[in-house]
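Residues per chain, in single letters:
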Amino acid sequence: MSDASFDPTLTDTQEAQFGDYFALLKPRVMTLVVFTAFVGLLAAPVSVHPFLGFCAVLFIALGGGASGALNMWYDSDIDAVMKRTAKRPIPAGKVTREEALAFGLTLSVFAVVFLGLATNWLAAGLLAFTIFFYVVVYTMWLKRLTPQNIVIGGAAGAFPPMIGWAAATGEISTASVLMFCLTFLWTPPHFWALALFVRMDYDNATVPMLTVTHGRRATRNHILVYTVLLAIFAIGLGFTQVGGPVYLATAVVLNALFLKGAVDIWRRDEAASEADNFKVEKSFFKLSLLYLFAHFGAILVDAGLTRFGVL
Amino acid sequence: MAITKEHELHKRRRSRNVGLGLTLGAFIAIVFGMTMVKVSSGDFAMRPTENSTVIDSGGSPDGD
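It should be emphasised that the depicted structure is a prediction, and the values quoted were computed from it without experimental measurement.

Asks: Kindly report on the interface of chain B and chain A, identifying the contributing residues and their values.
Replies: Residue-level contacts link 17 residues of chain B with 22 residues of chain A. Buried area between chain B and chain A, both sides added, is near 1,600 Å², and the carbon and sulfur share of it is 64%. In terms of surface lost to chain A, no three residues of chain B exceed Arg12, Arg16 and Met34 of chain B, which account for 39% of the buried area on that side. Applying the counting rule to chain B against chain A returns zero salt bridges. Those elements that provide at least two residues to the side of chain B that touches chain A are helix H1 (8–12) and helix H2 (14–40) of chain B.

As structure tokens, then:
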């Protein structure tokens, strides 16, 4: 009798540890998923049992993590040739592709079924669609085909607040759709600003990036267009049921600053950017991190103030 | 080899085994917690119409 899983040739550094399986879930991306899903759940005008709310956020996070594992399974070939991703569990030889596929599929089914059991089947359906969209539409189909891949990938990352809202209310509403739009329209300017000042090796992996396929001038134009659209939807969200004075004040100030940053990027050329080492692009990127956190944080504050009868 | 002896393989896979154990424990706690919340909030209670049909008809839904 032999133990098929025992391979004495494997060394300590090659064999997968628990942390390697956790790394398949893309924990850094998961933090955004957890935060926005939590806001969507708490901003809903329906109170949810705290334990079921905790379970809902956990299962949404696990669903997001499962799609990350499936993304790593499919993209292991390009992960291996890019410096940023070469140390991921599959290219590092810690986890096999088959293991990542089985792990991702199992976790996907588990997360969807348990979200349905804990809350409702609309939320579970939205989570299933998010996983499908990220893995099949983005990763397998469009990521290697179009330089708009960032926009499409951003859509998948924008679903969690909508799922959180559906978990609480059992519905899709204008407010939840606008929360989706907030992350969806924020992703392109956030990422393309980074692409302007960080040299990425997507070329080696034959993934089309806007900065390369259409040039840096077109990228600056795109940043401005998406920022204008983002401002419209972000301020519009303030007039729905999740909006309040804190959100509106935050949205007006941050969108004014973000628009100014986008206009500054649009007005600059490469020579000006290189002269000051991409100062404007870097500060726009830093602002984008604060932008999303502050918007969802403000929704949370308004929801808290409403719940405690202050508003 | 005695089954009690710790092999080098056990040390190597310790984090995986401990992690899996804790995950399974958390899974049990979550299922138990969800069940308690659902039962106590009446999610699994029988609908009044189902009860009343049996009681009101005197045992037969047709009233025979």
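Next comes the rest of the description.
Asks: Give me the UniProt feature "transmembrane region" (unreviewed entry) in chain A: which residues, what numbers.
Replies: Residues and elements named next belong to chain A. Under the feature "transmembrane region" (unreviewed entry), the UniProt entry names residues 29–45, 51–74, 121–142, 149–168, 174–198, 223–240, 246–263 and 284–305. End C-alpha to end C-alpha, residues 51–74 measures 35 Å, and it is 100% helix and 0% strand. In the segment residues 149–168, helix accounts for 95% and strand for 0%; the C-alpha atoms at its two ends are 31 Å apart.

Asks: Quick rundown of the UniProt feature "transmembrane region" (unreviewed entry) in chain B? Include the residues and the values.
Replies: Those places that UniProt annotates as "transmembrane region" (unreviewed entry) correspond, in this numbering, to residues 20–37 of chain B. Span residues 20–37 of chain B is 100% helix and 0% strand, its end C-alpha atoms 26 Å apart.

Asks: Which residues make up helix H2 (residues 27–43) of chain A, and what are the values?
Replies: Residues and elements named next belong to chain A. Its 17 residues place the ends of H2 24 Å apart at the C-alpha level, agreeing with the 24 Å of an ideal helix rising 1.5 Å per residue. Where H2 is concerned, the buried positions are Met30, Val33, Phe35, Thr36, Ala37, Val39, Gly40, Leu41 and Ala43. Where H2 is buried, its residues contact helix H3 (50–74), helix H8 (160–169), helix H9 (174–197) and helix H14 (279–307).

Asks: Outline the side chain of Asn71 of chain A, supporting the account with residue identities and numerical values.
Replies: All names here are of chain A. With respect to the helices and strands, Asn71 occurs in helix H3. For Asn71, a relative accessible area of 2% translates into the label buried. For Asn71, the contacting residues outside a window of four places in its chain are Lys26, Arg88, Tyr134, Tyr138, Thr139 and Lys143.

Asks: I'd like to hear about the domain arrangement of chain A, residue by residue, with values.
Replies: All names here are of chain A. Considered domain by domain, chain A is made up of domain 1 (17–169) and domain 2 (173–311). Look at where the C-alpha atoms of domain 1 and domain 2 centre, and you get two points 22 Å apart. Together domain 1 and domain 2 conceal approximately 2,800 Å² of surface at their shared face, both sides included; 75% is due to carbon and sulfur atoms. It is Pro147, Ile150 and Trp165 in domain 1 that bury the most area against domain 2; as a group they hold 22% of the surface buried on that side. Summed over the shared surface of domain 1 and domain 2, the number is zero salt bridges. Its residues placed into classes, the side of domain 1 that touches domain 2 shows 22 nonpolar, seven polar and four charged.

Asks: So what about the packing of helix H7 (residues 149–158) of chain A against H9 of chain A? Which residues, and what values?
Replies: Residue and element names in this part refer to chain A. Contact pair H7 / H9: the axes reach a minimum separation of 8 Å and the direction vectors enclose 140°. When the axis of H7 is compared with that of H9, the two are oblique. With respect to the hand of their crossing, H7 and H9 are arranged in right-handed fashion. Residues Ile150, Val151, Gly154, Ala155, Gly157 and Ala158 of H7 form the contact with H9, whose participating residues are Phe180, Thr183, Phe184, Thr187, Pro188, Phe191 and Trp192.

Asks: Kindly report on the side chain of Thr187 of chain A, identifying the contributing residues and their values.
Replies: On the secondary structure map, Thr187 of chain A appears in helix H9. When sequence neighbours within four positions are dropped, the list of residues in contact with Thr187 of chain A reads Ile150 and Gly154 of chain A.

Asks: Tell me about the environment of Ala249 of chain A, and name the residues and values.
Replies: Residues and elements named next belong to chain A. Locating Ala249 in the fold gives a position in helix H12 (residues 245–267). Classification of Ala249 as partly exposed rests on a relative accessible area of 45%. Placed 46 residues apart in sequence, Ala249 and His295 show a C-alpha to C-alpha distance of 10.0 Å.

Asks: Lay out the packing of aromatic side chains in plain terms, naming residues and giving numbers.
Replies: Residue and element names in this part refer to chain A. Going through the model one piece at a time under the given rule, you end up with 20 aromatic pairs over all chains. With 5.9 Å between their ring centres and 80° between their planes, Phe59 and Phe110 make a pair best called edge-to-face. Pair noted here: Phe59 is in helix H3 and Phe110 is in helix H5 (residues 97–118), with a separation of 51 residues, a long-range link. Classification of Phe110 by relative accessible area gives partly exposed; the value is 23%. Aromatic pair Phe197 and Phe285: ring centres 5.9 Å apart, planes at 75°, arrangement edge-to-face. One end of the pair, Phe197, is in helix H9; the other, Phe285, is in helix H14, and 88 residues separate them in sequence. Given the relative accessible area of 16%, Phe285 is considered buried. These aromatic residues form a ring-pair network of at least three members: Phe129, Phe132, Phe133, Phe159, Phe180 and Phe184.

Definitions and limits used
- Position numbers for residues count from 1 along each chain, tracking the sequence in the order it is written.
- Each chain takes a letter, starting from A, and each ligand takes a number, starting from 1, following the order in which they are written.
- Note on the predicted model: pLDDT of at least 70 is required for a residue's local features to be given, and 80 or more for side-chain atom pairs to be given and counted; whole-chain, interface and lining totals, by contrast, use all residues.
- Neither water nor hydrogens contribute to the side-chain values; these are computed over all heavy atoms in the structure.
- Contact definition: two residues touch when any of their heavy atoms are within 4.5 Å.
- Each of two parts loses accessible area, computed with a 1.4 Å probe, when they are put together; buried area is these two losses added.
- The salt bridge definition used is simple: a Lys or Arg side-chain nitrogen within 4 Å of an Asp or Glu carboxyl oxygen.
- Going along the chain from the N terminus, every DSSP run of H or I of four or more residues is numbered as a helix, and every run of E of two or more is numbered as a strand.
- UniProt positions are given in the numbering used here, feature names are shortened, and annotations may be inferred rather than shown by experiment.
- The length a helix should cover is 1.5 Å for every residue beyond the first.
- Partly exposed residues are those whose accessible area sits between 20% and 50% of the maximum for their type, while under 20% is buried and over 50% is exposed, using a 1.4 Å probe and protein chains only.
- Each domain span listed reflects an automatic or database assignment of domains.
- Residue type decides the class: Asp, Glu, Lys and Arg count as charged, Ala, Val, Leu, Ile, Met, Phe, Trp, Tyr, Cys and Pro as nonpolar, and the leftover types, Gly among them, as polar.
- Only the stretch in contact is used when fitting a helix axis, every axis being a line fitted to C-alpha atoms; angles between N-to-C directions are given from 0 to 180 degrees.
- Orientation is classified from the angle alone, with under 35 degrees giving roughly parallel, over 145 giving roughly antiparallel, 65 to 115 giving roughly perpendicular, and any other angle giving oblique.
- The hand of a helix crossing depends on one turn: near helix anticlockwise from the far one by less than a right angle means left-handed, and clockwise means right-handed.
- Think of it this way: a Phe, Tyr or Trp ring, Trp meaning its six-membered ring, pairs with another when their centres are within 6.5 Å, and the plane angle makes it stacked under 30 degrees, edge-to-face over 60, tilted otherwise.

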